[in-house]
Amino acid sequence: RWLRLGYGDHYPIFPDLIMTGKRVRGLVANLTLGFFNLDISKGDILRRVESDTVKTFPFDSLAVEQANDNTASYGAYDQNRWAKFLRGTFTRDLLVVRPSFGKREGAHLGFTYLKSKDDIASIVYGGKPRENLVLGSDMLIPLDNHNVEISGQAAFSATNNDITTGTFSDERIDSIYGDYSESSRNTIRRVRDIFSNFITNNENLVPLNLKNIPTLAYEAGLAMNYFNNYFKFTYLRHGNNFESFGQSFVRTDVVGFNIIDRLRLVGNQVLLTGGY
């Protein structure tokens, strides 16, 4: 009753800013000890699809081929030839860990860690391999037998859109950002030093600086359920660069509020719903 383990395809549910509705092929584990709970999901969310070589040609024909089709992808095929190819899909691994304190369906406070990364070695020709890190927290306070619920969640993401070259050095920072001030380059170095233990750091990392925190998302809600009427008010802010590989449907670059009201009629057989 306190431990569940599984292996195969599963659809784990975590705070919806971070992960929901995504298929994971791998391990799922849920530990329930009353006051302390632990949820883990580890596996692949994208399967490997090998690239397809369209044609090969001599090295000296590269300029002509690119002029004929500048939308295609090209790469070295062997010592004497280049290849025109259709890009494949990298295997994408994912790990989500969420410890929480309190009852699963009652008052609780949770913390979520998500790490996802493309496997560069999984295919020969691919696009730009990516990596994603998300840290989040969520809480629920139910009152009056769940007729009143106060909820909230927040998440911060960091995404590297091309990890091919790995983490950059001080010299590469100075070379790439030579036009920046010394203080700005020092900020980039500090961000690299902080996050390099968790995610590949180079010029493709978002965010490179934390001004206005563009990868922060949060929501706070109040729900009430009385007299056959369900009402919920949510205030939210989703940064324009927030991204989680475990959640494909979060609307970003938005701040404001949502209101929903649902009236149950005729013995719950008719529902009248309005939202703004």
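Treat the numbers as computed from the prediction; the structure is a model and nothing was measured.

Conventions we followed
- Residues numbered from 1 in each chain as written.
- Predicted model: local features only at pLDDT ≥ 70, side-chain atom pairs only at ≥ 80, totals over all residues.
- Heavy atoms only, no water.
- Core = buried A, V, L, I, M, F, W, Y, C linked by side-chain atoms within 4.5 Å.
- Buried < 20%, exposed > 50% of the residue type's maximum accessible area, 1.4 Å probe, protein only.
- Contact = heavy atoms within 4.5 Å.
- Helix = DSSP H or I, 4+ residues; strand = E, 2+ residues; numbered from the N terminus.
- Expected span 1.5 Å × (residues − 1).
- Arc of directions from axis to C-beta.
- Phe/Tyr/Trp six-rings, centres within 6.5 Å; stacked < 30°, edge-to-face > 60°.
- Lys NZ or Arg CZ within 6 Å of the ring centre and 35° of its normal.

### Details of the nonpolar core
So, step 1. Counting 14 residues, the largest nonpolar core has Ile18, Met19, Leu94, Val96, Leu114, Val134 and Ala155 as the members making the most contacts within it.
So, step 2. The contact partners of Leu94, leaving out residues within four places of it in the chain, are Met19, Val24, Ser41, Lys42, Gly43, Ile45, Leu114, Lys115, Ser116 and Gly246.
So, step 3. If you look at the next biggest cluster of nonpolar residues, it comprises seven residues, including Leu133, Phe195, Ile199 and Leu205.

### A closer look at the environment of Tyr113
So, step 1. When you line up the elements, Tyr113 lands in strand S8 (residues 108-119).
So, step 2. Take Tyr113: its relative accessible area is 27%, and that puts it in the partly exposed class.
So, step 3. When the C-alpha atoms of Tyr113 and Glu243 are compared, they prove to be 14 Å apart, with 130 residues separating the residues in sequence.
So, step 4. In contact with Tyr113, not counting residues within four places along its chain, are Leu95, Val96, Val97, Leu133, Val134 and Leu135.

### Focus: helix H3 (residues 182-195)
So, step 1. Taking 1.5 Å as the rise per residue, H3 with 14 residues should run 20 Å; its terminal C-alpha atoms sit 20 Å apart, in good agreement.
So, step 2. What H3 keeps buried is the set Arg185, Ile188, Arg189, Val191, Arg192 and Phe195. The buried residues of H3 occupy an angular sector of 160° when the element is viewed end-on, so they sit on one face.
So, step 3. The elements touched by buried residues of H3 are strand S9 (131-143), strand S10 (148-160), helix H2 (170-176) and strand S11 (205-206).

### Thoughts on the packing of aromatic side chains
So, step 1. For the coordinates displayed, the defined rule picks out ten aromatic pairs.
So, step 2. A ring pair is formed by Phe156 and Phe195, whose centres lie 6.1 Å apart and whose planes are at 20°; its orientation type is stacked. Pair noted here: Phe156 is in strand S10 and Phe195 is in helix H3, with a separation of 39 residues, a long-range link.
So, step 3. Residue classification places Phe156 among the buried residues on the basis of a relative accessible area of 18%.
So, step 4. On the basis of relative accessible area, Phe195 is assigned to the buried category, the value being 13%.
So, step 5. Both rings, one in Phe233 and one in Phe257, keep their centres 5.9 Å apart while their planes meet at 20°; by these two values the pair is stacked. Within this pair, whereas Phe233 is found in strand S13 (residues 229-238), its partner Phe257 is found in strand S14 (residues 254-265), the two being separated by 24 residues in sequence.
So, step 6. Taking relative accessible area as the criterion, Phe257 reaches 40% and is therefore assigned partly exposed.
So, step 7. Through a chain of ring-to-ring contacts, the aromatic side chains of Phe35, Phe36 and Phe101 assemble into a single cluster.
So, step 8. The ring of Phe245 carries Arg92 above its face, with NZ or CZ at 4.0 Å from the centroid.

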